[in-house]
Amino acid sequence: MPNIVEVSGLKKFYKNFEAVKGVDLTVKEGEIFGFLGPNGAGKSTTINMLSTIIKPSDGTAKINGYDNVTEKNKVRASIGLIFQESTLDEKLTANENLMLHCKFYGIDKSLREERIQEVLEIVDLTDRRKSIVETFSGGMKRRLEIARGLLHYPKVLFLDEPTVGLDPQTRAHIWEYILKLKKKAGITIFLTTHYMDEAEICDRVAVIDHGKIIALDTPEILKSQVGGDMIEVSTGDNAAAKKLIEERYETEVTESENNHLAFRVDNGSEFLVDFVKEFDIPIKSVNLRRPTLNDVFLHLTGREIREETLSKKDLARKGMRRRFH
Amino acid sequence: MEGIIAIWQRDVIKFFRDRPRLIGSFAMPFMFLILFGSGMSGAMSAMLGGSNQAGPLADFDFVEFMFPGIIGMTVFNTAIFSALSVVQDKEFGYMREILVSPISRVSIAIGKVLGGSTVAVFQGLMMLIFVPFIGVSLSFGMVLELIPVMFLVAFTISSLGLLISSSLKTTQSFQMVIQVLIFPMLFLSGALFPLNGMPSWMNFIVKINPLTYSVDMFKKVILQPEQMAPALRQAMGLDLSIFNHVITFLEEILVVGVLGAIFVIAATIKFSNSEA
Ligand SMILES: Nc1ncnc2c1ncn2[C@@H]1O[C@H](COP(=O)(O)OP(=O)(O)O)[C@@H](O)[C@H]1O
Ligand SMILES: [Mg+2]
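Residues numbered from 1 in each chain as written. Chains lettered and ligands numbered in written order. Predicted model: local features only at pLDDT ≥ 70, side-chain atom pairs only at ≥ 80, totals over all residues. Heavy atoms only, no water.

**Structural notes on the confidence of the model for chain B**
Fine structural detail should not be taken from predicted coordinates in areas where pLDDT scores are low.
Right, so step 1: Looking at chain B as a whole, the pLDDT averages 87, with 95% of positions reaching at least 70.
Right, so step 2: Model confidence for the complex: the whole-complex pTM is 0.83, and ipTM, which rates the interface, is 0.86. (pLDDT = per-residue confidence, 0-100.)

Written out as structure tokens, the structure is:
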């Protein structure tokens, strides 16, 4: 399959701060490609460079064969974009938002009606076509944005944190639509997320941290690189238990937020039998599971990707950045 | 081309949908005309020494004098505040939808200026509702003449607004800049009182103020000064002149038009260079 996205040595400097430090990657046609990383890793910055919104400081990116700097308009016609923050006009109706989009993208007059119906059907919003967007729920707005992003049949659909801030049920729904899309239109999807379960759905995942890709492969291979099984225990004295496990089994133990200790072993089921028998500190619970992408990230960086724990500073920065866009 | 129309259309649709703004837009002109205008007219006439006297100055009617100025003010305000939508679109994110589409930056800028101009013309025309109450006689021909003049003024001022908004990121900063700009421009344009016997530095500002020529065009169309007695015309400040040359209607069109061209080109360049 041909490469629809080709990126090499892509960098972005904000003054002296290097937000993206040389990204190389290719995406094949029809793939769902995920960008996984914590807040501030450089996901949005990368997507903004790929979609011609900001100019790369260095490196090149090609989409659908067109250069992102010298052939901006051709790139723009080839992509659909769904941003982290809504870009709908909430004072207009769903139909008006879609109709304007048709005009911006020069979709032939005779095709518009049909296309609008088609994309509204994909996201189940047909009956809300004439409603003012202001009256929509967060999930409906997201769906409408996805519909709008599809109107001009883009080759690549970029989604920046498509489900951030939505409740789990709505998140699941949005994913249904995205997968339906891939099946139906064979469209290439490039998305960013900091949710592990979402990254699992992707065909390939690039793990990004501090502006650099630190791993890139299918979720299966990434997880098998961590190898073995993950053991989670909670004990009467976690601090002592942590020390003991690290000494006795020579493995690195991390403490997660819900008072669990997690560590990796080669063969979990065999290990557990002896572990429970010989462990001196009272065990409250023990659990064996396969490594997740979170463990991959932990393995690579020694940190967890925290979900939904924005610090006050992050929030303030987010508010500020919004204005700069 | 279709891109320009789409951008234009969006601003026009939103203007007509925004009822509170539509109604609110009558508040300022109403207050100026009725409260300020009627309240001041006695004092004005007295100052001119025309209230109890016969002669040409007896015809001086302050409210009538103010009416073209109010139209000018309305067109000016609407046009310059139309650029607020550019800043709002940046804040609320819609600008990114526009900027990542394949329409050129030039089309976006032109569409925005035309949208603002159209809205300002509508708003200006709405002020004609006051005509029956203030004793100005306005023929159908005059209204037809007024529309292109309004459009020219609105176009120039919308371009100025876009130029300002292209370098600003927040609604607050835009509103502040506009407030600082609006009042001197308005007060020193002859919209609210006749500009006679001013200190020379002030006179200088009046003459470089594009609004002066814009307001004077409205006065020439609505008040028909060539049919007035010279003394009255003088008292009403209708003999706008520069270096002792009384400026003609055609020259005013030229001045405002050339300024508009400069503003729209500068605004388009500025807008095209701004990142999303
Ligand atoms: N306009 C900007 N000016 C300065 N720094 C920025 C700007 N945009 C992003 N950054 C910084 O670049 C880094 C990457 O940000 P971003 O790409 O938004 O991360 P992510 O989307 O992965 O959460 C962050 O440290 C952020 O603070
Ligand atoms: Mg982001």
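Still more to cover.
**Describing the sheet that holds strand S9 (residues 204-209) of chain A**
Residues and elements named next belong to chain A.
Right, so step 1: Taking strand neighbours across the sheet as the criterion, the six strands line up as S6-S7-S8-S3-S9-S10 in an open arrangement whose pairing is mixed. Each edge of the sheet is formed by a strand with only one pairing partner; in this case those strands are strand S6 (79-82) and strand S10 (212-217). Taking the axes of each pair of neighbouring strands and ignoring which way they run, one obtains an average angle of 15° across the sheet.
Right, so step 2: The pairing of strand S3 (residues 32-36) with strand S8 (residues 188-193) spans five bridges and is classified as parallel. Residue pairing in the sheet places Leu36 in a bridge with Thr193 of S8.
Right, so step 3: Strand contacts of helix H8 (residues 219-226): S9 and S10, with the helix running at about 105° to S10, the strand carrying the most contacts. (Pairing = 2+ DSSP bridges. Helix = DSSP H or I, 4+ residues; strand = E, 2+ residues; numbered from the N terminus. Axes fitted to C-alpha atoms, helices over the stretch in contact; angles between N-to-C directions. Contact = heavy atoms within 4.5 Å.)

**Describing the coordination of the magnesium ion (ligand 2)**
Ideal geometry at a metal centre gives angles of 109.5 degrees when four donors are arranged tetrahedrally and 90 or 180 degrees when six donors are arranged octahedrally.
Residues and elements named next belong to chain A.
Right, so step 1: Coordination of the magnesium ion (ligand 2) by the protein is provided by Ser44 (OG) and Gln84 (OE1), with metal-donor distances spanning 2.0 to 2.4 Å. With Ser44 in helix H1 (residues 43-50) and Gln84 in the loop between S6 and helix H3 (94-104), this residue pair connects regions lying 40 residues apart in the sequence. Each member of the pair, Ser44 together with Gln84, is buried. (Donors = N, O, S within 2.8 Å, 3.2 Å for Na, K, Ca; no water. Buried < 20%, exposed > 50% of the residue type's maximum accessible area, 1.4 Å probe, protein only.)

**What to know about helix H11 (residues 293-301) of chain A**
All names here are of chain A.
Right, so step 1: Residues of H11 that are buried: Leu293, Asn294, Asp295, Val296, Phe297 and Leu298.
Right, so step 2: Its side-chain oxygen at 3.2 Å from the backbone nitrogen of Asn294, Thr292 defines the N-terminal cap of H11.
Right, so step 3: Positive backbone phi, at 80°, marks Gly302, one or two positions downstream of H11. (Polar contact = N/O pair within 3.5 Å; in protein donor to acceptor, adjacent residues only side chain to side chain.)

**A closer look at the site of ligand 1**
Residue and element names in this part refer to chain A.
Right, so step 1: Around ligand 1 sit 13 residues in total, of which Gly40, Gly42, Lys43, Ser44 and Thr45 are the nearest.
Right, so step 2: Tyr14 is positioned such that a nitrogen or oxygen atom in its side chain is 3.5 Å from a nitrogen atom of ligand 1.
Right, so step 3: For ligand 1, an oxygen atom lies 2.7 Å from a polar atom in the backbone of Gly40.
Right, so step 4: For ligand 1, whose free accessible area comes to 560 Å², the fraction covered by protein is 80%. (Near = heavy atom within 4 Å. Areas by Shrake-Rupley, 256 points an atom, 1.4 Å probe, with all protein chains shown as cover.)

**Focus on a nonpolar patch on the surface**
Right, so step 1: The grouping of Phe30, Met31, Ile34 and Leu35 of chain B at the surface amounts to a nonpolar patch, some 360 Å² of accessible area in total.
Right, so step 2: In this structure, Ile34 of chain B sits in helix H3 (residues 27-47). (Patch = residues over 30% accessible without salt bridge, like charges linked within 9 Å, V, L, I, M, F, W, Y side chains within 5 Å. Salt bridge = Lys/Arg side-chain N within 4 Å of Asp/Glu carboxyl O.)

**Some points on the pairing of strand S13 (residues 261-265) of chain A**
Residues and elements named next belong to chain A.
Right, so step 1: Within S13, four of the five residues are buried, which leaves the element mostly enclosed by the surrounding structure.
Right, so step 2: Where strand S11 (residues 229-235) and S13 come together, five bridges link them in antiparallel fashion. Within the sheet, the bridge partner assigned to Glu232 lies in S13 and is Ala262.
Right, so step 3: Bridge count for strand S12 (residues 254-255) against S13 is two bridges, and the pairing is antiparallel. For Glu255, the partnering residue across the bridge sits in S13 and is Leu261.

**Points about the UniProt feature "domain: ABC transporter" (unreviewed entry) in chain A**
Right, so step 1: In this numbering, the UniProt entry assigns the feature "domain: ABC transporter" (unreviewed entry) to residues 5-235 of chain A.
Right, so step 2: Annotated as 37% helix and 30% strand, the span residues 5-235 of chain A places its first and last C-alpha atoms 48 Å apart. (UniProt positions renumbered as here; feature names shortened; annotations may be inferred.)

**Here's the deal with the domain arrangement of chain A**
Right, so step 1: You can read the domains of chain A as domain 1 (3-222 + 306-324) and domain 2 (228-290).
Right, so step 2: Using C-alpha coordinates to define each centre, domain 1 of chain A is positioned 39 Å away from domain 2 of chain A. (Domains from an automatic or database assignment.)

**A word on the packing of aromatic side chains**
The geometry of an aromatic ring pair is captured by two quantities: the separation of the ring centres and the angle between the planes.
Right, so step 1: With the rule as written, the count across this model stands at 18 aromatic pairs over all chains.
Right, so step 2: Note on Phe271 of chain A and Phe275 of chain A: the rings are 5.3 Å apart at their centroids and 20° apart in plane angle, and the pair reads as stacked. Of this pair, Phe271 of chain A and Phe275 of chain A both sit in helix H10 (residues 268-278), four residues apart, roughly one helical turn. There is no split in this pair, since Phe271 of chain A and Phe275 of chain A are both buried.
Right, so step 3: A connected cluster of aromatic rings, assembled from ring pairs, spans Tyr249, Phe263, Phe271, Phe275 and Phe279 of chain A.
Right, so step 4: One residue, Arg115 of chain A, lies across the ring of Tyr153 of chain A, its end atom 3.7 Å from the ring centre.
Right, so step 5: Positioned above the aromatic ring of Phe83 of chain A, the side-chain terminus of Arg96 of chain B is 4.0 Å from the ring centre. (Phe/Tyr/Trp six-rings, centres within 6.5 Å; stacked < 30°, edge-to-face > 60°. Lys NZ or Arg CZ within 6 Å of the ring centre and 35° of its normal.)

**Brief notes about the packing of helix H4 (residues 62-82) of chain B against helix H12 (residues 210-223) of chain B**
All names here are of chain B.
Right, so step 1: Here H4 crosses H12 at 130°, and the two axes come no closer than 9 Å. As judged from the angle between their axes, H4 and H12 are oblique. Handedness of the crossing formed by H4 with H12: right-handed. Together, Glu64, Phe65, Phe67, Pro68, Gly69, Ile71, Gly72, Val75 and Phe76 of H4 and Leu211, Val215, Phe218, Lys219, Ile222 and Leu223 of H12 make up the contact between the two elements.
Right, so step 2: Grouping the constituent residues of the contact of H4 with H12 by class yields 11 nonpolar, two polar and two charged. (Parallel < 35°, antiparallel > 145°, perpendicular 65-115°, else oblique. Left-handed = near helix turned anticlockwise from the far one by under 90°. Nonpolar A, V, L, I, M, F, W, Y, C, P; charged D, E, K, R; others polar.)

**What about the interface of chain B and chain A?**
Right, so step 1: At the junction of the two partners, chain B supplies 26 residues and chain A supplies 32 residues.
Right, so step 2: Both sides together, the interface formed by chain B and chain A hides about 2,700 Å², and carbon and sulfur atoms give 52% of it.
Right, so step 3: It is Arg96, Val100 and Pro102 of chain B in chain B that bury the most area against chain A; as a group they hold 25% of the surface buried on that side.
Right, so step 4: Here chain B is connected to chain A by six salt bridges.
Right, so step 5: For the salt bridge of Glu85 of chain A with Arg96 of chain B, the shortest nitrogen-to-oxygen distance reads 3.2 Å.
Right, so step 6: The set of elements that each furnish at least two residues to the side of chain B that touches chain A consists of helix H1 (2-17), helix H5 (84-92) and helix H6 (94-99) of chain B.
Right, so step 7: Here the side of chain B that touches chain A takes eight residues from H1 of chain B, the largest share from any one element.
Right, so step 8: By residue class, the composition of the side of chain B that touches chain A is 11 nonpolar, four polar and 11 charged. (Buried area = accessible area lost by both parts, 1.4 Å probe.)

**Points about the sheet that holds strand S5 (residues 66-67) of chain A**
Residue and element names in this part refer to chain A.
Right, so step 1: Strand order in the open sheet formed by four strands is S2-S1-S4-S5, and the pairing between neighbours is antiparallel. In the strand order of this sheet, the two ends are held by strand S2 (17-28) and S5, each with one partner.
Right, so step 2: The sheet contacts of H1 involve strand S1 (3-14), S2 and strand S4 (58-63), and relative to S1 the element is tilted by about 120°.

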